[in-house]
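Letter by letter, the chains look like this.
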Amino acid sequence: QVQLVESGGGLVQAGGSLRLSCAASGSIFSINAMGWYRQAPGKQRELVATIIFGGSTAYADSVKGRFTISRDRAKNTVNLQMNSLKPEDTAVYYCNAHTILQLRPRDYWGQGTQVTVSS
């Protein structure tokens with residue numbers, strides 16, 4: 001089992017920045033990738049950014065050049081640096097962890113953290 005706790009959300013003006021953090025605990029040795037998703041009111045949850053623990057990253061087109069996902073191995077955390085925020089970035093942001101344990105892939109989710117970008 002993996003537990004994920006997000007932090008760092010809040011209210012920011014358009015053009016501003018926020019840094020989200022996701023702290024993982026439990027069977028962290030089994031995590032091979034983590035990511036951030038977001039869900040705006042009335043919309044489907046969508047992928048924002050992922051990081052494979054081998055080092056590669058991927059981003060949604062809508063955030064490329066503005067968001068950066070990174071891993072702090074010592075702290076068992078994954079961060080999402082969000083710059084040049086836009087009102088359309090407003091959403092609940094969820095941390096995701098993908099595990100492979102005993103050859104069984106599984107996904108775990110945090111509780112979410114609200115990001116609101118004022119227009």
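Everything in this summary refers to the structure shown in the same document. (Residues numbered from 1 in each chain as written. Predicted model: local features only at pLDDT ≥ 70, side-chain atom pairs only at ≥ 80, totals over all residues. Heavy atoms only, no water.)

1. A look at the packing of aromatic side chains
Aromatic rings in a pair are described by how distant their centres are and how their planes are angled relative to each other.
So, step 1. Enumeration over the complete set of coordinates arrives at one aromatic pair.
So, step 2. Geometrically, the ring pair formed by Tyr 37 and Trp 109 is edge-to-face, given 4.8 Å between the ring centres and 70° between the ring planes. With Tyr 37 in strand 4 (residues 31-39) and Trp 109 in strand 10 (residues 104-109), the pair connects residues that are 72 residues apart, well separated along the chain.
So, step 3. The class for Tyr 37 is partly exposed, based on a relative accessible area of 22%.
So, step 4. If you follow Arg 45 out to its NZ or CZ, it ends over the ring of Tyr 94, 3.7 Å from the centre. (Phe/Tyr/Trp six-rings, centres within 6.5 Å; stacked < 30°, edge-to-face > 60°. Helix = DSSP H or I, 4+ residues; strand = E, 2+ residues; numbered from the N terminus. Buried < 20%, exposed > 50% of the residue type's maximum accessible area, 1.4 Å probe, protein only. Lys NZ or Arg CZ within 6 Å of the ring centre and 35° of its normal.)

2. Considering the nonpolar core
So, step 1. Within the largest apolar cluster, 29 residues are counted, with the highest numbers of intra-cluster contacts made by Leu 4, Met 34, Trp 36, Leu 80, Met 82 and Tyr 93.
So, step 2. Counting residues per element, the ones that place at least two in this core are strand 1 (2-7), strand 3 (18-26), strand 4, strand 5 (46-52), strand 7 (67-72), strand 8 (77-82), strand 9 (91-101) and strand 11 (113-118). (Core = buried A, V, L, I, M, F, W, Y, C linked by side-chain atoms within 4.5 Å.)

3. Quick look at the pattern of salt bridges
So, step 1. All chains considered together, the criterion is met by four salt bridges.
So, step 2. Its salt-bridge partner being Arg 38, residue Asp 89 comes within 2.9 Å of it at the nearest N-O pair. With a gap of 51 residues between them, Asp 89 in the loop between strand 8 and strand 9 and Arg 38 in strand 4 connect regions that are remote in the sequence. Side by side, Asp 89 and Arg 38 carry an identical accessibility label, which is buried.
So, step 3. One salt bridge connects Arg 66 with Asp 89, and the closest N-O pair in it is separated by 2.7 Å. Linking Arg 66 in the loop between strand 6 (57-59) and strand 7 with Asp 89 in the loop between strand 8 and strand 9, this pair joins segments that are 23 residues apart in sequence. Grouping residues by exposure puts Arg 66 and Asp 89 together as buried. (Salt bridge = Lys/Arg side-chain N within 4 Å of Asp/Glu carboxyl O.)

4. Here's the deal with the state of the cysteines
So, step 1. With the rule as written, the count across this model stands at one disulfide.
So, step 2. In this model Cys 22 forms its disulfide with Cys 95; the gap between the sulfur atoms is 2.0 Å. One quick way to see it: the torsion about the S-S bond of Cys 22 and Cys 95 is about -85°, and its sign makes the bridge left-handed. You can see Cys 22 sitting in strand 3 and its partner Cys 95 sitting in strand 9, a full 73 residues away along the chain. We note that Cys 22, like Cys 95, is buried. (Disulfide = S-S within 2.5 Å.)

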